[in-house]
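Descriptive structure summary
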Amino acid sequence: QVQVVESGGGLVQAGGSLRLSCAASGRTSSIYAMGWFRRAPGKEREFVARITWTSGNTYYADSVKGRFTISRDNAKNTMYLQMNSLKPEDTAIYYCAVRSSASMTYNYWGQGTQVTVSS
C-alpha cells in the first residue's frame, strides 16, 4: 500500500500563489503516476494535473493549464503543485492521488487540503 499526505493549502487573494505538497510513503516503488484532483463546494471532484513518476510526463486540465505546474522529487517521494494566478473558482479541497503500476485507476488517496481564493 501507499499512503499520501497533502500539505500547503490555505487562504490567498486572487492573483496570488500557493504550493501544495504531497508526501508518499509505503510501497513507493509501485507508483506509476501521481495526480491532483479537486472538489469545489457543490461540485463533483475533477482532475487537475498528473505526472508520471518515472518519466516525469505531465498533463493538465484546460482550466489550470498555464497557471499550475506539477512536479515531483523522486528522492523525497514528494509531488508538488505550484499554483499561480489563482482565481476564486480555484477554491476547493485539493486531493493527492496515486496510481500504482498494478492499477488502471488512482487507487490511493489523501485526505485533502483546503485552498480558498478570495476575490
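In what follows, the structure referred to is the one given above.
The following paragraphs examine the structure supplied in this document. (Residues numbered from 1 in each chain as written. Predicted model: local features only at pLDDT ≥ 70, side-chain atom pairs only at ≥ 80, totals over all residues. Heavy atoms only, no water.)

Description of the environment of leucine 18
We apply this condition: Runs of H or I in DSSP of at least four residues are treated as helices and runs of E of at least two as strands, each being numbered from the N terminus. Relative accessibility thresholds used throughout: buried, under 20% of the residue-type maximum; exposed, over 50%; partly exposed, between the two (1.4 Å probe, protein chains only). Whether two residues are in contact is decided by their heavy atoms, any of which lying within 4.5 Å being enough.
Mapped onto the elements, leucine 18 comes out in strand E3 (residues 18-26). Looking at leucine 18, the relative accessible area reads 16%, which means it is buried. Spatially, the C-alpha atom of leucine 18 lies 20 Å from that of lysine 76, the residues being 58 residues apart in sequence. Ignoring any residue separated from it by four or fewer positions in sequence, one finds leucine 18 in contact with Gly8, Gly10, Val12, Leu81, Gln82, Met83, Leu86 and Val115.

A few points about the side chain of threonine 78
The topology assignment puts threonine 78 in strand E8 (residues 78-83). With near-sequence residues (within four places) excluded, threonine 78 lies in contact with Ser21, Cys22, Ala23, Trp53, Ser71, Arg72 and Asp73.

Overview of the pairing of strand E9 (residues 92-100)
Test applied: We call two strands paired when DSSP finds no fewer than two bridges between them.
Counting buried residues along E9, seven of its nine residues qualify, which places the element largely inside the surrounding structure. Here strand E4 (residues 31-39) runs beside E9; their pairing, made up of eight bridges, is antiparallel. From the neighbouring strand, arginine 39 faces E9, where its bridge partner is isoleucine 93. Where E9 and strand E11 (residues 113-118) come together, three bridges link them in antiparallel fashion. When the bridges of E11 are listed, alanine 92 appears paired with valine 115. The pairing of E9 with strand E10 (residues 108-109) spans two bridges and is antiparallel.

Some remarks on the pairing of strand E5 (residues 45-52)
Pairing of E4 with E5, which is carried by seven bridges, proceeds in the antiparallel orientation. Across the sheet, arginine 38 pairs through a bridge with glutamate 46, a residue of E5. Linking E5 to strand E6 (residues 58-60), which pair antiparallel, is a turn of five residues; within it glycine 56 sits at a positive phi near 80°.

In short, shape yes, function no, at least from these values alone.
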